[in-house]
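Coordinate inspection notes
Listed here are the chains, written in short residue letters.
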Amino acid sequence: MVRTVLLRWPLPAARGSTRRSGGGLCLQSALPGSRAFRETVELSVAIDASCRGLGVGTSLYRALFDSIADEPIHVAVVGIAMPNDASVALHRKFGFTEVGTFHEYAVKDGQYLSSLWMERLL
Ligand SMILES: CC(C)(COP(=O)(O)OP(=O)(O)OC[C@H]1O[C@@H](n2cnc3c(N)ncnc32)[C@H](O)[C@@H]1OP(=O)(O)O)[C@@H](O)C(=O)NCCC(=O)NCCS
């Protein structure tokens, strides 16, 4: 069964930034406790606003995929509240492809949010 993995920035390859504010990435079972989903993980990532566009997300994902290379994980999925060009670009860069959009999937601050889902077979 997949465990939860948390990675936090700073990691080495943040393209020369000396800023120490944070960022993090979480990988966890898509449905904890279910054997059917034991090889399925769901990702979430967030970088402090002052550090975006510096390669931190890329460093975290590289470290994550290196660290799970030998794990029995078959598929990784991510749901991205739209619009979010940066997140779509980051996930495409790591081989994720679009599956589809859940329209008006959630409500935040009185606004419906649609969520694009992406997947990567590992
Ligand atoms: C999405 C997020 C994690 C990206 O992390 P990041 O550290 O800024 O990303 P990177 O600097 O590593 O860039 C990754 C790729 O996305 C591209 N990118 C970055 N910002 C972009 C933007 N605003 N528009 C389009 N592409 C963008 C970069 O060019 C890079 O691609 P390249 O290396 O081919 O040039 C970050 O913006 C964030 O935390 N946003 C708020 C929270 C969020 O939306 N989380 C995702 C929920 S799933």
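For the structure itself, look to the data block above.
Reference entry: report on the structure contained in this document.

The rules behind the values
- Residues numbered from 1 in each chain as written.
- Predicted model: local features only at pLDDT ≥ 70, side-chain atom pairs only at ≥ 80, totals over all residues.
- Helix = DSSP H or I, 4+ residues; strand = E, 2+ residues; numbered from the N terminus.
- Buried ≥ 20, exposed ≤ 12 C-beta atoms within 10 Å, placed from the backbone.
- Contact = placed C-beta atoms within 7 Å.
- Expected span 1.5 Å × (residues − 1).
- Pairing = 2+ DSSP bridges.
- Right-handed = clockwise from strand over helix to strand, strands pointing away.
- Near = placed C-beta within 6 Å.
- Nonpolar A, V, L, I, M, F, W, Y, C, P; charged D, E, K, R; others polar.
- Core = buried A, V, L, I, M, F, W, Y, C linked by C-beta atoms within 7 Å.

1. So, the overall build of the chain
- A count of helices and strands for the chain gives 2 helices and 6 strands.
- Sequence-ordered secondary structure for the chain, helices as α and strands as β, is β-β-β-α-β-α-β-β.
- Within the chain, buried positions represent 19% of all 122 residues.
- Taking the contacts inside the chain whose residues are at least 6 apart along the sequence as the reference set, 60% of them involve residues at least 24 apart.

2. Quick word on helix H1 (residues 56-67)
- The first and last C-alpha atoms of H1 sit 16 Å apart over 12 residues, in line with the 16 Å expected at 1.5 Å per residue.
- Regarding H1, the residues found buried are Val56, Gly57, Ser59, Leu60, Tyr61 and Leu64.

3. Some remarks on the pairing of strand E3 (residues 40-47)
- Residues Val41, Leu43, Val45 and Ile47 of E3 are buried on one face, while the alternating residues Thr40, Glu42, Ser44 and Ala46, pointing to the opposite face, are not.
- Pairing of E3 with strand E4 (residues 75-81), which is carried by 3 bridges, proceeds in the parallel orientation. From the neighbouring strand, threonine 40 faces E4, where its bridge partner is valine 75.
- Crossover E3 to E4 through H1 is right-handed.

4. A word on the site of the ligand
- Looking at the ligand, there are 20 residues lining it, with Arg52, Gly57, Thr58, Ala86 and Ala89 nearest.
- Of all the secondary structure elements, the ones that give two or more residues to the shell around the ligand are E3, H1, E4 and helix H2 (85-93).
- Top contributing element to the shell around the ligand by residue count: H2, with 6 residues.
- Of the residues in the shell around the ligand, the class split is 10 nonpolar, 7 polar and 3 charged.

5. Digging into the nonpolar core
- Formed by 16 residues in total, the largest nonpolar core has its most connected members in Leu25, Leu27, Leu43, Leu60, Leu64, Val78 and Met118.
- Those elements that place two or more of their residues in this core are strand E2 (23-29), E3, H1, E4 and strand E6 (111-121).
- If we ignore the near neighbours within four places in the chain, the residues touching valine 78 are Glu42, Leu43, His91, Phe96 and Met118.

6. Concerning the pairing of strand E5 (residues 97-108)
- Across the 12 residues of E5, 0 count as buried, placing the element largely on the outside.
- Pairing of E5 with E6 involves 8 bridges; the strand directions are antiparallel. Following the sheet pairing, threonine 97 is matched in E6 by glutamate 119.
- With antiparallel pairing between neighbouring strands as the criterion, E5 and E6 make up a hairpin whose turn holds 2 residues, including aspartate 109 at a positive phi of roughly 50 degrees.

7. Things to note about unusual backbone geometry
- Put simply, methionine 82 and proline 83 share a cis peptide bond, and its omega is 0 degrees.
- With respect to the secondary-structure elements, proline 83 resides in the loop between E4 and H2.
- Within the chain, glutamate 104 stands out as a residue other than glycine whose phi angle is a positive 45 degrees.
- Checked against the element boundaries, glutamate 104 lands in strand E5.

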